[in-house]
Amino acid sequence: IHQLQAGSTIRLLAAPVPRSGLERMREILQELVAQARLALVVLGDRNGVVLVRCSNPHSRDIQRVDFNKLAALAAAQMSMVQIFGKALNEEGEFTCIFQEGERNNLFIYQINQEHILTVLAERKALVGLVRIYASAAVKDLKNILEP
């Protein structure tokens, strides 16, 4: 898989992750974009605040994306999944796919109770590869974010 040049933006929080942690998260997301042929990835918190975002500048899919709205929508979707899970006595980790999200290659992964990863794959990306690389990225991000 060829490497893509990935652009990124980092927003610090009120209670920021150490700078080395932010840099490592940015590196993980850049690798994810390149390996899984993604249009973009957004790491946000449960309030919909974008912490780190990374995108493929050559992708046409990102030109019409509002990163803040995407993070807020992902937070709302994940919150609903958690509410339903608790109502059904199901605890654990959740992955949420928007209605018809798989067809549109849009996925949401819960990192922990506070952080959510949103992934938009390019139309030509293989869903299986996206899931493999995203799962590995989620594991790496958990290690950075957990105290």
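For every chain, the first residue of the written sequence is number 1, and numbering continues from 1 onward in sequence order. Two thresholds apply to this predicted model, a pLDDT of at least 70 for residue-level local features and 80 or more for giving and counting side-chain atom pairs, whereas whole-chain, interface and lining totals are computed over all residues. Excluded from the side-chain calculations are hydrogens and water; all other atoms, namely the structure's heavy atoms, are used.

Moving on: the pattern of salt bridges. Opposite charge on two side chains permits pairing when their charged atoms draw close. Any carboxyl oxygen of Asp or Glu that lies within 4 Å of a side-chain nitrogen of Lys or Arg is treated as forming a salt bridge with it. Applying the stated criterion across every chain, the model contains 4 salt bridges. Residues Arg24 and Glu27 are paired through a salt bridge, measuring 3.2 Å at the closest nitrogen-oxygen approach. Pair noted here: Arg24 and Glu27 are both in helix α1 (residues 19-36), with a separation of 3 residues, about one helical turn. Residue class for Glu27 comes out partly exposed when judged on its relative accessible area of 36%. Runs of E in the DSSP output that reach at least two residues are strands. Runs of H or I that reach at least four are helices, and both are numbered from the N terminus. Partly exposed describes any residue whose relative accessible area lies between the buried limit of under 20% and the exposed limit of over 50%, with all areas from a 1.4 Å probe on protein chains only and scaled to the type maximum.

Counting 27 residues, the largest nonpolar core has Leu29, Leu32, Leu38, Val41, Leu43 and Leu117 as its most contacted members. Counting only elements with at least two residues in this core, the list comes to α1, β2 (38-45), β3 (50-55), β5 (106-110), β6 (115-121) and α4 (127-145). In terms of nonpolar packing, the next biggest core, distinct from the first, is built from 9 residues, Ala39, Leu40, Phe67 and Ala71 among them. Put simply, a nonpolar core is a bunch of buried Ala, Val, Leu, Ile, Met, Phe, Trp, Tyr and Cys residues held in one set by side-chain atoms that sit within 4.5 Å of each other.

Before going further, it helps to examine a nonpolar patch on the surface. Every patch collects residues that have over 30% relative accessible area and no salt bridge, joining them within 9 Å if they carry like charges and within 5 Å if they are nonpolar side chains (Val, Leu, Ile, Met, Phe, Trp, Tyr). Computed with a 1.4 Å probe, the accessible areas rest on the Shrake-Rupley method; for each residue, only the protein chains presented here act as cover. Taken together, the side chains of Met80, Ile83, Phe84 and Leu88 make up a nonpolar region of the molecular surface, amounting to roughly 450 Å² of accessible area. By relative accessible area, which is 59% here, Leu88 ends up exposed.

Next up on the list: the pairing of β2. Within β2, 8 of the 8 residues are buried, leaving the element largely enclosed by the surrounding structure. Sheet topology places β2 next to β6; 7 bridges connect them, and they run antiparallel. Residue pairing in the sheet places Leu38 in a bridge with Ala121 of β6. DSSP calls a pair of strands paired once it identifies at least 2 bridges connecting them. Counting the residues in the hairpin turn of β2 and β3 gives 4 residues, including Gly48, whose phi is positive at 85 degrees.

Turning to the side chain of Asn56, a few remarks are in order. Looking at the secondary structure, you find Asn56 in the loop between β3 and α2 (67-87). Identification of polar contacts relies on pairs of N or O atoms within 3.5 Å, with a donor-acceptor requirement for protein atoms, meaning one able to donate a hydrogen and the other able to accept it, and with residues adjacent in sequence counted only if both atoms are side-chain atoms. A polar side-chain atom of Asn56 sits 2.7 Å from a polar atom in the side chain of Glu122.

Let us now look at the confidence of the model for the chain. Scored from 0 to 100, pLDDT records how confident the predictor is in each individual residue. The share of residues in the chain with pLDDT of 70 or more is 75%, and the mean pLDDT across the chain is 76. Within the model, pLDDT remains below 50 along residues 1-15, and this stretch shows 44 contacts once partners closer than five positions in the same chain are excluded. Here, two residues are considered to be in contact whenever any of their heavy atoms come within 4.5 Å of each other.

On to the environment of Val42, then. As for its placement among the helices and strands, Val42 is situated in strand β2. On a C-alpha basis, the gap between Val42 and Leu117 in space is 5.7 Å, while along the polypeptide they are 75 residues apart. When sequence neighbours within four positions are dropped, the list of residues in contact with Val42 reads Val50, Val52, Arg53, Phe67, Leu70, Ala71, Ile116, Leu117 and Thr118.

Here we come to the environment of Leu70. For Leu70, the location among the structural elements is in helix α2. Judged by its relative accessible area of 11%, Leu70 is buried. Those residues in contact with Leu70, other than ones at most four positions away along the chain, are Leu40, Val42, Val65, Leu106 and Thr118.

All right, on to the pairing of β6 then. Within β6, 7 of the 7 residues are buried, which leaves it mostly tucked inside the rest of the structure. The side-chain alternation of β6 yields two buried faces, one formed by His115, Leu117, Val119 and Ala121 and the other by Ile116, Thr118 and Leu120. As paired elements, β5 and β6 share 5 bridges and run antiparallel to each other. Bridge pairing links Gln110 to Ile116 in β6. In sequence, β5 turns back onto β6 through a hairpin of 4 residues.

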